[in-house]
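An overview of the molecular structure
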Amino acid sequence: YITLGSEYSADIFVAASSSKQEATITVNGASVPVDGGVGKYKVIATSEGEKEYSGVITARKPNGQSESYPFKATYTALKPMAVISATKMNVVYIGLDNPISVSVPGYSPKEVKVSLNPSSAGTLKPDPKQAGAYMLNVNRTAREVAVTVSVDKNGKTTKMGEQKYRIRVIPDPTPALGTIENSGGVPAAQLRAQNVIRAPLKNFAFEGVNYIPYEFQFLLIPKKGGGAIFENGRGQMLTPTMQSALARAQKGDKVIITQIKVKGPDGAKQLPSPLVFDVN
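The rules behind each value
Residues numbered from 1 in each chain as written. Predicted model: local features only at pLDDT ≥ 70, side-chain atom pairs only at ≥ 80, totals over all residues. Heavy atoms only, no water. Helix = DSSP H or I, 4+ residues; strand = E, 2+ residues; numbered from the N terminus. Buried < 20%, exposed > 50% of the residue type's maximum accessible area, 1.4 Å probe, protein only. Pairing = 2+ DSSP bridges. Phe/Tyr/Trp six-rings, centres within 6.5 Å; stacked < 30°, edge-to-face > 60°. Lys NZ or Arg CZ within 6 Å of the ring centre and 35° of its normal. Arc of directions from axis to C-beta. Contact = heavy atoms within 4.5 Å. pLDDT = per-residue confidence, 0-100. Polar contact = N/O pair within 3.5 Å; in protein donor to acceptor, adjacent residues only side chain to side chain. Salt bridge = Lys/Arg side-chain N within 4 Å of Asp/Glu carboxyl O.

A separate point is unusual backbone geometry. For the peptide bond that leads from Asn 117 to Pro 118, omega is 0°, which places it in the cis range. One can find Pro 118 in the loop between strand 11 (112–117) and strand 12 (122–126). Of note, Asn 28 is a non-glycine position whose phi angle comes to about 55°, a positive value. Here Asn 28 shows up in the loop between strand 3 (23–27) and strand 4 (30–31). With relative accessibility at 52%, the residue Asn 28 sits in the exposed group. For Gln 259, which is not glycine, the phi torsion reads 55° and is therefore positive. Mapped onto the fold, Gln 259 is located in strand 21 (residues 254–264).

Structure, rendered in structure tokens:
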């Protein structure tokens, strides 16, 4: 394999012959220089693809007779290319269809084959909408997976390269009460306007990855004493009791939403951080 514009060279000789014997060597009908019985074939690659050349070695045997040996060989010319990647970002996520793009210059997508190592780490399926595109879905059985690229042509398989990816879980989403996404002091009027628990995934590389809350606990602790209001929630909507409690919340009260459980592409999980609001 060579790049366009570079030189391909080959030594051409009959292995059983003597370097002292004279030989005439032609490639594609043209003579090539011979040094010590070895032909020196050189050519500059000017176009892409597999290039075949053929020729004849004519050597003189010890009895003085000449014998001809035909031969064929191939080389492949590729476009010069640079592969630049941020190695710390070679990450794929469990539960997602991670897009992978594969191409080998000089070969059609039908000749390019991809595989995973270890194969048990997930699945790699072609994207029917785009040639050379794949969706990689990984599991928790390995910490790293390699995508291996080979070319299958004329019954011969040649490995062309490999890219390793670290397997990671999707980061936890951030709990939110309606439009309020951070714990801390909140005006009572703003609290009263909220009626739903959310779990947005902030600053994540993939768009459209959603987590839906399905269970949580609500607690309002009055500053002036009296009975605290506690209730379990199902789904993501606040119950009438919870909304009524927020409607009566006053400065100094504390509202806590905890044990928030969500469902996402990688399954169900409980968020590690609660929401804690001080009414002001």
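All right, on to the sheet that holds strand 4 then. Judged by pairing direction, the sheet is mixed, and its five strands sit side by side in the order 1-8-7-3-4 without closing on themselves. If you trace the sheet from one side to the other, it starts and ends with strand 1 (2–3) and strand 4, each paired once.

Turning our attention to the packing of aromatic side chains. In the structure shown here, the tally under the stated rule is eight aromatic pairs. When the centroid spacing of 4.7 Å and the interplanar angle of 40° are considered together, the rings of Tyr 41 and Tyr 53 count as tilted. Of this pair, Tyr 41 sits in strand 6 (residues 38–44) while Tyr 53 sits in strand 7 (residues 49–60), and the two are twelve residues apart along the sequence. The residues Tyr 41 and Tyr 53 share a single accessibility class, namely buried. Note on Tyr 93 and Phe 204: the rings are 4.9 Å apart at their centroids and 75° apart in plane angle, and the pair reads as edge-to-face. Placement of Tyr 93 in strand 9 (residues 91–93) and of Phe 204 in the loop between strand 18 (197–198) and strand 19 (212–221) is noted, with a sequence separation of 111 residues between them. As far as burial versus exposure is concerned, Tyr 93 and Phe 204 are alike and both buried. Ring-pair connections join several aromatic residues into one group, and the members of that group are Tyr 8, Tyr 41, Tyr 53 and Tyr 75. A cation sits over an aromatic face here: Lys 263 above Tyr 214, 5.1 Å from the ring centre.

All of the buried residues along helix 2 (residues 240–247) are Met 242, Ala 245 and Leu 246. The arc enclosing the buried residues of helix 2, seen along the axis, measures out at 100°, which places them on a common side. Buried residues along helix 2 sit against helix 1 (188–192), strand 19, strand 20 (229–234) and strand 21.

Burial along strand 23 (residues 275–279) is one-sided: Leu 275, Phe 277 and Val 279 are buried, and none of Val 276 and Asp 278, which face the opposite way, are. The sheet contact formed by strand 17 (residues 184–186) and strand 23 spans three bridges and is parallel. If you follow Gly 184 over to strand 23, its bridge partner there is Phe 277. Across four bridges, the pairing between strand 21 and strand 23 is antiparallel.

This next bit is on the confidence of the model for the protein chain. One rule of thumb: low pLDDT means the predicted coordinates there are not for detailed reading. Mean pLDDT over the protein chain works out to 89, with 94% of the residues at or above the 70 mark. Element-level mean pLDDT values for the protein chain span from 80 in strand 1 up to 98 in strand 18.

So, on to the environment of Lys 269. The residue Lys 269 is located in strand 22 (residues 267–270) in this model. In the structure, Lys 269 is positioned 97 residues away from Asp 172 in sequence and 8.6 Å away in space, judged by C-alpha atoms. Look past the residues within four positions of Lys 269 in its chain and what remains in contact with it is Ile 170, Pro 171, Asp 172, Pro 173, Tyr 211, Ile 260, Lys 261 and Val 262. Only 3.3 Å separates the side chain of Lys 269 from the side chain of Asp 172, close enough to count as a polar contact.

Now for the pattern of salt bridges. In the structure shown here, the tally under the stated rule is eight salt bridges. Notably, a salt bridge pairs Asp 172 with Lys 269, separated by 3.3 Å at the nearest N-O pair. Placement of the pair is Asp 172 in the loop between strand 15 (156–168) and strand 16 (176–177) and Lys 269 in strand 22, with a sequence separation of 97 residues. The class for Asp 172 is partly exposed, based on a relative accessible area of 40%. It is possible to trace a salt-bridge network through shared partners that takes in Asp 172, Asp 266 and Lys 269.

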